[in-house]
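What follows is the residue order along each chain.
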Amino acid sequence: MLFRSDELLVVLQAIPSLEEALAIAHTIHGAVHEPLSLPGGELVPSLSIGVTLVQPEEPIDAVVARADQAMYAAKNGGRDRGIAMANASAGAEAPAIIS
């Protein structure tokens, strides 16, 4: 059964690399993915995460758009995972995926 989904934005300061950002995303993913016991049975939430870093002087709209693009890549790639995307000047999608 698929329940309604929501989108949210998490902003963290002083994260120096996509690898560290993905590690934090992996921790969040693990915490959310814990099974919930409900009267009608067990529910295991899923979470698709888009990860990116802010570059100096980069407009916030560009950062949010890139994070959104990464999140939809995670959803389209099978859901319940995270994908990191570097900024345009740093290259294409990072190979790191969490699930």
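Residues numbered from 1 in each chain as written. Predicted model: local features only at pLDDT ≥ 70, side-chain atom pairs only at ≥ 80, totals over all residues. Heavy atoms only, no water.

1. Looking at helix H2 (residues 60–76)
Helix length check: H2 (17 residues) gives 24 Å between terminal C-alpha atoms against 24 Å at 1.5 Å per residue, within 8%. Of all the positions in H2, only Val 63, Arg 66, Ala 67, Ala 70, Met 71, Ala 74 and Lys 75 are classed as buried. At its buried positions, H2 is contacted by strand E3 (49–51) and strand E4 (82–85). Remark: Gly 78 follows H2 within two positions and exhibits a positive phi of approximately 125°. (Helix = DSSP H or I, 4+ residues; strand = E, 2+ residues; numbered from the N terminus. Expected span 1.5 Å × (residues − 1). Buried < 20%, exposed > 50% of the residue type's maximum accessible area, 1.4 Å probe, protein only. Contact = heavy atoms within 4.5 Å.)

2. Digging into the nonpolar core
Listed in full, the nine residues of the largest apolar core are Leu 18, Ala 21, Leu 22, Ala 25, Ile 49, Val 51, Leu 53, Ala 84 and Ala 86. Of all the secondary-structure elements, those providing two or more residues to this core are helix H1 (18–32) and E3. Per-element tally for this core: the top contributor is H1, with four residues. (Core = buried A, V, L, I, M, F, W, Y, C linked by side-chain atoms within 4.5 Å.)

3. Regarding the pairing of E4
Burial of the side chains of E4 extends over both faces: Gly 82 and Ala 84 are buried on one face and Ile 83 and Met 85 on the other. In the sheet, E3 pairs with E4 via three bridges, with the strands oriented parallel. Across the sheet, the residue bridging to Gly 50 is Ile 83, located in E4. In the classification by handedness, the crossover that spans E3, the intervening H2 and the parallel E4 is left-handed. (Pairing = 2+ DSSP bridges. Right-handed = clockwise from strand over helix to strand, strands pointing away.)

Shape descriptors only; they carry no functional weight alone.
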